[in-house]
Each structure stands twice: as structure tokens, then as C-alpha cells.
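Understanding the architecture of this molecule
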Amino acid sequence: DLRNAETEQAAEPIAEEIRSMWRQSGGATANLLLARGQEAREAGDLTTAARQFTHLRRLEPEFADAWLASAQIAASQGDWPFALEAVERAIALEPRRFDAYALLGRALEQAEAWPAAQAAYEEALRVYPLMPAARAGLARVERQLSGRAL
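Residues numbered from 1 in each chain as written. Predicted model: local features only at pLDDT ≥ 70, side-chain atom pairs only at ≥ 80, totals over all residues. Heavy atoms only, no water.

**Looking at the overall build of the chain**
- Secondary structure summary: the chain contains 8 helices and 0 strands in total.
- When its helices and strands are written in sequence order, the chain yields α-α-α-α-α-α-α-α.
- A compact globule built from 150 residues would reach a C-alpha radius of gyration of about 15 Å, and the chain, at 16 Å, matches this within 12%.
- Overall, the C-alpha framework of the chain stretches about 50 × 35 × 30 Å when taken along its three principal axes.
- Taken over 150 residues, the chain has a buried fraction of 42%.
- Restricting the contact set of the chain to residue pairs at least 6 apart, pairs at least 24 apart contribute 50%.
- Per element, the accessible surface of the chain, about 7,900 Å² overall, is 50% carbon and sulfur.
- The chain carries 17 positive and 22 negative side-chain charges, and their two centres are separated by 3 Å. (Helix = DSSP H or I, 4+ residues; strand = E, 2+ residues; numbered from the N terminus. Rg over C-alpha atoms; globule rule 2.2 N^0.38 Å. Buried < 20%, exposed > 50% of the residue type's maximum accessible area, 1.4 Å probe, protein only. Contact = heavy atoms within 4.5 Å. Areas by Shrake-Rupley, 256 points an atom, 1.4 Å probe, with all protein chains shown as cover. Lys, Arg positive; Asp, Glu negative; His and termini not counted. Charge placed at Lys NZ, Arg CZ, Asp CG, Glu CD.)

This is the structure in C-alpha cells:
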């Protein structure tokens, strides 16, 4: 169980197994588009990756990975409004997406919506308590919030 892992090293393989199960919830064509988009992203071709993920969202609008992948590309390109929209859709489709909550936290940080960002990171950590990105994000947000209280 991800919530009971004692170290980051023990939690990461469990988290990756969960992500793998989520990726496999689409059909064969969806899996192909997702793989092509991920390959393009890893190669630094964000335009092709975005196009693959757009096709994937149109083909499988209920596939949370399509929305999350689109949100990740949008965030990397600084398109925070679409990143926020897409990640919220991913969460609506799969409410246990700890990676989506972490990305939501990042998007809300960009909007300087500190309490909402804090809540998003806390939700990620509720599901995956040792998630490095969520822990780091929560620490940043808490510093912002404590600085505003002074």
C-alpha cells in the first residue's frame, strides 16, 4: 500500500505500478497515442507530443491519462490556464491521481493561489505521503503562507 510505504525508495515502485495500471485503462489506440506522445515529449518535441495528446483526448475523453499528459505539456510550455483545466478534468475522472494533484498544486502556485495550492499538495500526500514533488511543493507553499502571515 502506497500510504504505508516507509521510505521514498519503497514507495516509488508502488507508485509506478499504480501509474502503469492507470496508463493501461485506455484502449489499444489510446495506448499507442499515449506512447507516441510520451516518446515525443522525452525527445523534446513538445509540439508533436501535444498533438498526440490532443488526438488522445478526442478519441478517449474519459481517459484521465490523456488529460494529465496534456496538462503536463501545457505546464511545461507555461500555458497554466489550460494546464489547470486539463488537470482538473483528470482529477474528476480519477480522484486518486496523486500526480494530478501535485500538478494542480504547481498550477495553483503559478496563479499565487497559495491556500488552494496547499490543499492540492495535501491531497496528493494523503494518497502518496512520500511523494517528493508534493512534499517539496507543500514546503514552498507553506513558506509563502508563513511569509504572508508576518
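**Topic: the pattern of salt bridges**
- Here the structure, examined in full by the defined rule, presents 10 salt bridges.
- With a shortest N-O distance of 2.7 Å, Arg-23 and Glu-16 are connected by a salt bridge.
- Here Arg-23 falls in the partly exposed class, since its relative accessible area comes to 24%.
- When its relative accessible area of 32% is taken as the criterion, Glu-16 is described as partly exposed.
- With its nearest N and O atoms 2.8 Å apart, the salt bridge here joins Arg-140 to Glu-109. Of the two residues, Arg-140 sits in helix H8 (residues 132–149) while Glu-109 sits in helix H6 (residues 98–110), which places them 31 residues apart along the sequence. (Salt bridge = Lys/Arg side-chain N within 4 Å of Asp/Glu carboxyl O.)

**So, the nonpolar core**
- Membership of the largest hydrophobic core comes to 38 residues, with the highest contact counts inside it found for Val-87, Phe-98, Leu-104, Tyr-128, Met-131 and Ala-134.
- Counting only elements with at least two residues in this core, the list comes to helix H1 (8–23), helix H4 (64–76), helix H5 (80–93), H6, helix H7 (114–127) and H8.
- Counting residues per element, this core draws most heavily on H6, which supplies 8 residues.
- Core analysis: the second largest hydrophobic core is formed by 11 residues, Ala-30, Leu-33, Leu-34 and Ala-69 among them. (Core = buried A, V, L, I, M, F, W, Y, C linked by side-chain atoms within 4.5 Å.)

**Focus: unusual backbone geometry**
- Phi at Glu-112 is positive, roughly 55°, even though this residue is not glycine.
- On the secondary structure map, Glu-112 appears in the loop between H6 and H7.
- When its relative accessible area of 52% is taken as the criterion, Glu-112 is described as exposed.

**A look at the confidence of the model for the chain**
- Across the chain, the average pLDDT comes to 93, with 99% of residues at or above 70.
- Of all the helices and strands in the chain, H1 carries the lowest mean pLDDT, 91, while H7 carries the highest, 97. (pLDDT = per-residue confidence, 0-100.)

**Concerning H7**
- The end-to-end C-alpha distance of H7 is 20 Å, a good match for the 20 Å that 14 residues give at a rise of 1.5 Å each.
- Every buried residue of H7 is accounted for by Trp-114, Ala-117, Ala-120, Tyr-121, Ala-124, Leu-125 and Val-127. Summarising the axial view, the buried residues of H7 lie within an arc of 165°, below the 170-degree limit, and thus occupy one face. (Expected span 1.5 Å × (residues − 1). Arc of directions from axis to C-beta.)

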